[in-house]
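What follows is each chain in one-letter form.
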Amino acid sequence: MPTAKLAMWLFLGTEIMFFAGLLGAYIVLRFGQAPGVWPTPHDVHLVEWMGAVNTFVLICSSVTVVLAHSALLKGNIGRATMMILITLLLGCVFLGIKAVEYKAKIDHHLLPGQVRETVNDTYLDEMNRRVIPALTAVPSRSAEQNKVLADAEAFVKVLGSGEMTKVAERINRAKALHGEAEKAFGAAALEEVHWPMVIPLGNLWSSLYFALTGIHALHVLGGLVMFGLLLVMSMMSRLTPKHDVLVENVGLYWHFVDLVWIFLFPLLYLLG
Amino acid sequence: MTEKLASAAAGVGQADSHGGEHHGDMDAIYYKVFGALVVCTAVSFITVSPLWFLGATTGHTLVMLVAVVKALLVAMFFMHLKYDWNKLYFMFVPTLTIATLLPCVLLPDITFSQTRIIHFSKDANAGTVPPPAAQVLE
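Predicted model, so just to flag it, every value in this text is computed and none were measured.

What counts, and where the lines are drawn
- Within every chain, residues take consecutive numbers counted from 1 along the sequence as written.
- Note on labels: chains are lettered from A, ligands numbered from 1, in written order.
- In keeping with the predicted nature of the model, local features appear solely for residues at pLDDT of at least 70, side-chain atom pairs appear and are counted solely at 80 or more, and the whole-chain, interface and lining totals rest on all residues.
- Hydrogens and waters are ignored; side-chain quantities use all the structure's heavy atoms.
- The helix count covers DSSP runs of H or I at least four residues long, the strand count covers runs of E at least two residues long, and both are numbered beginning at the N terminus.
- In this scheme, a residue with accessible area under 20% of its type's maximum is buried, one over 50% is exposed, and one in between is partly exposed, where area comes from a 1.4 Å probe on protein chains only.
- Working definition of accessibility: Shrake-Rupley area with a 1.4 Å probe, residue cover restricted to the visible protein chains.
- The charge count includes Lys and Arg as positive and Asp and Glu as negative, but it does not include His or the ends of the chains.
- Think of each charge as sitting on NZ of Lys, CZ of Arg, CG of Asp or CD of Glu.
- Any two residues having at least one pair of non-hydrogen atoms within 4.5 Å are treated as being in contact.
- In this analysis, the expected span of each helix is defined as 1.5 Å times one less than the number of residues it contains.
- Nonpolar cores are built from buried Ala, Val, Leu, Ile, Met, Phe, Trp, Tyr and Cys residues. Side-chain atoms within 4.5 Å join them into one set.
- In this scheme Phe, Tyr and Trp rings, the latter by its six-membered ring, pair at centre separations within 6.5 Å, and the angle between planes marks the pair as stacked below 30 degrees, edge-to-face above 60, and tilted otherwise.
- For salt bridges, the criterion is a side-chain nitrogen of Lys or Arg within 4 Å of an Asp or Glu carboxyl oxygen.
- Two cysteine sulfur atoms make up a disulfide if the distance between them is within 2.5 Å.

Peer 1: An account of the overall build of chain A is needed here, citing residue identities and associated values.
Peer 2: Helix and strand counts for chain A stand at 8 helices and 0 strands. Written out in order from the N terminus, the α and β elements of chain A read α-α-α-α-α-α-α-α. For the C-alpha atoms alone, the extent of chain A along its principal axes is close to 90 × 35 × 20 Å. Among the 272 residues that make up chain A, the fraction classed as buried is 54%. Of the roughly 11,100 Å² of accessible surface on chain A, a fraction of 66% belongs to carbon and sulfur atoms. Within chain A, one finds 20 positive and 21 negative side-chain charges whose respective centroids are separated by 6 Å.

Peer 1: Which residues make up the side chain of Ser61 of chain A, and what values do they have?
Peer 2: Relative to the assigned elements, Ser61 of chain A resides in helix 2 (residues 48-73). Setting aside its immediate chain neighbours within four residues, Ser61 of chain A contacts Thr87, Leu90 and Trp254 of chain A.

Peer 1: Tell me about helix 7 (residues 202-235) of chain A, and please be specific about residues and values.
Peer 2: Helix length check: helix 7 of chain A (34 residues) gives 48 Å between terminal C-alpha atoms against 50 Å at 1.5 Å per residue, within 8%. Among the residues trailing helix 7 of chain A, Ser237 of chain A stands out with phi positive, at a value near 55°.

Peer 1: Can you lay out the nonpolar core for me, pointing to particular residues and giving the numbers?
Peer 2: The biggest cluster of nonpolar side chains holds 87 residues, and the ones touching the most others in it are Trp9, Tyr209, Phe227 and Tyr269 of chain A together with Phe78, Met79 and Leu88 of chain B. Every element with two or more residues in this core is listed here: helix 1 (3-31), helix 2, helix 3 (77-107), helix 7 and helix 8 (244-270) of chain A together with helix 3 (27-46), helix 4 (56-78) and helix 5 (81-105) of chain B. Here the element with the most residues in this core is helix 8 of chain A; it accounts for 17 residues. When neighbours within four sequence positions are excluded, Phe227 of chain A is seen to be in contact with Val65, Ile84, Thr87, Leu88, Val250 and Trp254 of chain A. Formed by 21 residues, the second largest nonpolar core is a distinct cluster that contains Tyr123, Ala152, Ile171 and Ala174 of chain A.

Peer 1: Which residues make up the side chain of His69 of chain A, and what values go with them?
Peer 2: Along the chain, His69 of chain A falls in helix 2. Overall, the relative accessible area of 4% leaves His69 of chain A in the buried class.

Peer 1: Lay out the packing of aromatic side chains in plain terms, naming residues and giving numbers.
Peer 2: Scanning all chains against the criterion turns up 17 aromatic pairs over all chains. On the numbers, 6.3 Å between centres and 45° between planes, the contact of Phe56 of chain A with Phe34 of chain B is tilted. With one member in each of two chains, Phe56 of chain A in helix 2 and Phe34 of chain B in helix 3 form a pair that bridges those chains. Residue Phe34 of chain B is classed as partly exposed on the basis of its relative accessible area of 21%. Consider the rings of Phe265 of chain A and Tyr269 of chain A, whose centres lie 5.7 Å apart with planes at 40°: the pair is tilted. Taken together, the positions of Phe265 of chain A and Tyr269 of chain A, both in helix 8 and 4 residues apart, correspond to about one turn of that helix.

Peer 1: I'd like a rundown of the pattern of salt bridges, residues and numbers included.
Peer 2: Residues and elements named next belong to chain A. Per the counting criterion, the structure on display carries 9 salt bridges over all chains. Asp125 is the salt-bridge partner of Arg129, the closest N and O atoms lying 3.3 Å from each other. With a gap of 4 residues between them, Arg129 and Asp125 both fall in helix 4 (residues 119-136), about one helical turn apart. Asp125 gets classed as partly exposed once you look at its relative accessible area, which sits at 29%. A salt bridge links Asp151 to Lys147; its shortest N-O distance comes to 3.2 Å.

Peer 1: So what's going on with the state of the cysteines? Residues and values would help.
Peer 2: Each disulfide is one covalent bond, formed between the sulfur atoms of two cysteines. Within the structure shown, the criterion is met by 0 disulfides over all chains. No disulfide involves Cys60 of chain A; its sulfur sits 14 Å from that of Cys40 of chain B, the nearest cysteine.

Peer 1: Got a sec to walk through unusual backbone geometry? Specific residues and values, please.
Peer 2: Residue and element names in this part refer to chain A. With phi around 60°, His45 is a residue other than glycine that occupies positive phi space. Within the secondary structure, His45 sits in the loop between helix 1 and helix 2. A positive phi angle is found at Leu201, which is not glycine, with a value near 65°. For Leu201, the position within the fold is in the loop between helix 6 (167-185) and helix 7.

The following block contains the structure:
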């Protein structure tokens, strides 16, 4: 076995341990929670078919990279170059889909430290920022409107004091208040009011999701750089069958990236 | 065992021209493995579709088994471990054993957390902890 290939396998051994630590942490934190508490893929805007498409894309790229190596061994540099180019493009597709997924998380503030996990803070914030200002903005209020406003202010006090301990009670009260306010002030007055998503353990999920997929995406990026360098070599007519170990090593790294995703996909998308 | 290790050590570092020499033309095998991987991915995806009728636990078990099968296919054929195993096993056996053990040694945390879960359930019934994620009032 060529020394370079052995060195690549040693490197992959360290990578296996690195990702084993990350996946182990995820497994413990995910499956150590009470049943039904961990956010479902739907809660956190994870789209299963996007994960499946990305899996398919990586599988295709794994095939093209082994075909590139095979073509190089046969002395078919043109086909090898074409396969490397296709692999590079497929890697870009993977990162593109990942970027779309990241955008959905960013748009919904599903970022570490930004996810609202408790009803109290969320509702109190929404009441103070949107509901009370919307109701007090009406200059001359009817008796019914004044009553709704008084109810709203009382609800703010209750939320602030923590007297209302039952979650369901707080949610139902907020719903009822919203309905009463819409009836008294009209739906237009409350159109800015949006009761945000409450996701218990959302910050933990978000931290793990971005750590796992982010580090994996960086590995994909590293692979793309290597494929880019191989293409440059080919364009300079410096890629020859003698470079089969080099191409095989880049391929080994790429397959490892594929292997990691093979486990990330079910753990993140399917076992929610 | 000693002979195997010696043979592995002898094989390592040889700058042979490798590749096609002892693997032969692999293209047909690559396509077959590709087909198997696509089928495996489809099977995984079906477990979260409305077509799945065997329950969540069975589905989750199947998904993880399929992931292991996919990983084995990629490692054995695309990464040529099937052919290089006798030169690399001394490195992989400990690595994979420790990598597998790592989550396992953390399992007690999951087990002990059952106590926490019981408390959680009591608190949840009392309404002092938030419910599972829920969209409240659009």
